[in-house]
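# Chains, contacts and geometry: an overview
Listed below are the residues making up each chain.
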Amino acid sequence: MKFFTADVSTETEPGSGVLDVGGSKATTYEGLKALIAAHNLDVVVSPYSSSLTPYAAKAGLEAGLPVLPNGAAESVYVCPECTDPAHCEEVAFNCKQANTRRFDNLVGSISPAGRYFRDFVSTTALKGARRIALVGEGRAFTMQTAAGARAQAEASNMDIVADVILSASGDASSYTSAESLVAQHQAFLESGSKGSFSATVVGKSWQSAAEVAVHLLQRLDVEVVVGSTYVPSCIGLVKGMKAGKWLPKALGLGTCLGNSAMFSSLGKDMRWLAGPSQWDHRLKGRDFEETEFTSPNHFKIEEGLPSSPAQFHQKYLDLFGEPPIYQATMSASGIYMLEGAASSVGITPLPADLTAAMKSYYSPSWWGISTADAFGKNERRNMATWYYDDQGSLEIAAPISAATVEIKYPLPAWDSNERNYPCQPGSMVEGKNDWSDNLDKFLERGQAAWDSTSCKSCPVGHFSDSVGALECIPCAVGTYAPMSGALKCLPCPRNARCLGGDDVTFIKRMEANLI
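Throughout, residues of each chain are indexed from 1 in the direction in which the sequence is written. Where totals are concerned, whole chains, interfaces and linings use all residues; where local detail is concerned, this predicted model gives features only for residues with pLDDT of at least 70, and gives and counts side-chain atom pairs only at 80 or more. To obtain the side-chain values, all non-hydrogen atoms of the structure were used and water was disregarded.

### Regarding the packing of helix α4 (residues 118-126) against helix α5 (residues 140-155)
Viewed as axis vectors pointing N to C, α4 and α5 meet at an angle of 30 degrees, and their least axial separation amounts to 9 Å. Our classification of the angle between α4 and α5 gives roughly parallel. The chirality of how α4 crosses α5 is right-handed. Of the residues in α5, those in contact with Arg118, Val121 and Ser122 of α4 are Gly148, Ala149, Gln152 and Ala153. When the residues that make up the contact of α4 with α5 are grouped by side-chain class, the tally is three nonpolar, three polar and one charged. Axis lines are fitted to C-alpha atoms, over the contacting stretch for helices. Their N-to-C directions set the angle, which ranges from 0 to 180 degrees. Helix numbering and strand numbering both begin at the N terminus, where a helix is a DSSP run of H or I of at least 4 residues and a strand a DSSP run of E of at least 2. Geometric relationships in this document are graded by angle, where less than 35 degrees denotes roughly parallel, more than 145 denotes roughly antiparallel, 65 to 115 denotes roughly perpendicular, and other angles denote oblique. Crossing handedness is defined as follows: a turn of the near helix away from the far one that is anticlockwise and smaller than a right angle gives a left-handed crossing, while the clockwise case is right-handed. Here, residues are in contact when the closest pair of their heavy atoms is within 4.5 Å. Each residue is assigned to one class: nonpolar for Ala, Val, Leu, Ile, Met, Phe, Trp, Tyr, Cys and Pro, charged for Asp, Glu, Lys and Arg, and polar for all the others, Gly among them.

Structure (structure tokens):
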């Protein structure tokens, strides 16, 4: 088998590293057409982009080739709402009718956007959460992750109180104020409108837009926020919440957990945040087990061998010297699905035969259940829900079969002692009370290290009764602590005078016969 790789990306400015999606669309379509013609390709693997995948699908469709998608937005697979064929084509090319399959040749193994937050939302509902808000970017992929979260919230009987789109703009005249947002919500209530309140909040930055949104979310007593974000807006949302001195009881964030920018930008504030990931090598359960009855089965479960995902992870390490990023696993999963489908149609299948075989393919694998529904997307597969623990280690909160940690609910408030260095009761935090900002060591260790921080025992006459106390509390009048490291103060002895703190005077009793 021969592989050809084409870079179809276009930068907004040469050397900027910022993808110009508009410019890359034409490059994707025309570049793949030329590549297909020049090398007589049999299969196309799309770019990692929901915006560019349709252009790869179009090039493949015109050549009669199956396309393995790496875009998760629902609109890649399903024609959106539209009125007539002309309008449908205008809204999404290759569409003639709403809610129909967009590309007959597009068959994917990846989980679509609508599945991203389902486990997170259902987990918080089981913990008692009832009021949820959707906050994020107004792009196709992020909007569809929010739509999936909404569907799960409705199925869990949660109250969706707000749906807020954040936007960052350099146009100061378009900025939204906290007062105007609250006024919009008041007008919504007075109108008697049903459903959830919707608004767009524009700020100079993602953080400033989030700060405005926080004013409303706090007033609405929101318990759960689903952040349908990319990395910059994800970080901006967290910073905006901290600047507003508010946190929901649970916060789920899209596409940013596992990105080193979380550590670099948020430091210890990234703890206890959750978010979806397409894959993790620690996933396990029947859906992730390859056996002699699955095809392919390069990573069979056998005595003495680790799980199928762990075997794939190790194989990738052996081949490339570094662990696979999830985009690499997405592409590999499509090829794996293609191999399984090809095994059922003969030695030299035609592209049309491969497309047909992939439509009916179903098998557990290292990737999870590999299959496609009537639209070409994989609704049967469990994703991972990632979660940063108290040391910044990236753990798995869902699915239950692979969970290494349980989501903390409610989240500790920004000023909670739980966010400090974990000095035990009877002591207090001394030093920087912060993580080291050494990214290389963080990536090497897989967790953070505290920098120049230690614990100091409470002095005589003082106590602390919680983990992470920043100061020791003086004993009140009428109480005392005779030794350092006290967890509480004791009642003043009968033969003493306790004036608070370490101000204790013991009184000598006089013998009765001297009176």
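Past the structure itself, the notes keep going.
### Some remarks on empty space enclosed by the protein
A cavity here means a set of 1 Å grid points, computed over protein atoms only, where a 1.4 Å probe fits but cannot escape. A pocket is an open set with protein on both sides within 12 Å along at least 5 of 7 lines, and lining residues have an atom within 4 Å of a point. Grid points are joined across faces, edges and corners, and a volume is the space filled by probe spheres set on the points. What the rule picks out here adds up to one cavity of 30 Å³ or more. One number sums up the size of the largest cavity: a volume of about 60 Å³. Lining of the largest cavity is provided by Arg115, Tyr116, Arg118, Asp119, Arg381, Asn382, Met383, Ala384 and Thr385. Elements with a minimum of two residues in the lining of the largest cavity: α4 and β11 (384-388). Tallied by class, the residues present in the lining of the largest cavity amount to three nonpolar, two polar and four charged.

### Some words on the nonpolar core
Grouped together as the largest cluster of nonpolar side chains are 108 residues, with contacts concentrated most on Leu253 and Met262. Element by element, the count of residues in this core is highest for helix α7 (residues 206-219), at seven residues. Excluding anything up to four places from it in sequence, Met262 contacts Cys234, Ile235, Leu253, Cys256, Leu257, Gly267, Met270, Leu273 and Tyr388. Residues belong to one nonpolar core when they are buried, are Ala, Val, Leu, Ile, Met, Phe, Trp, Tyr or Cys, and are joined through side-chain atoms within 4.5 Å. Relative accessibility thresholds used throughout: buried, under 20% of the residue-type maximum; exposed, over 50%; partly exposed, between the two (1.4 Å probe, protein chains only). Leu68, Val107, Ala341 and Ala342 belong to the second-largest nonpolar core, a separate cluster that totals eleven residues.

### A closer look at the packing of aromatic side chains
Note on aromatic contacts: the rings of Phe and Tyr and the six-membered ring of Trp form a pair at centre separations within 6.5 Å, being stacked when their planes are under 30 degrees apart, edge-to-face when over 60 apart, and tilted otherwise. Applying the stated rule across the entire model yields 18 aromatic pairs. Judged by centre distance (5.8 Å) and plane angle (80 degrees), the ring pair of Phe299 and Phe312 falls under edge-to-face. With a gap of 13 residues between them, Phe299 in the loop between β8 (274-277) and α10 (308-320) and Phe312 in helix α10 connect regions that are remote in the sequence. Since its relative accessible area comes to 11%, Phe299 is described here as buried. Centre to centre, the rings of Tyr421 and Trp450 are 5.2 Å apart; their planes meet at 85 degrees, and the pair counts as edge-to-face. With Tyr421 in the loop between β12 (394-398) and β13 (427-435) and Trp450 in strand β14 (residues 450-457), this pair connects stretches of sequence that are 29 residues apart. Here Trp450 falls in the buried class, since its relative accessible area comes to 17%. For Lys58, the ring lying beneath its charged end belongs to Tyr29, and the centroid distance is 4.7 Å. A ring is considered to have a charge above it if a Lys NZ or an Arg CZ atom is located within 6 Å of its centre and within 35 degrees of its normal. Here Lys58 stacks its cationic end above the ring of Phe93, 5.3 Å away from the centre of that ring.

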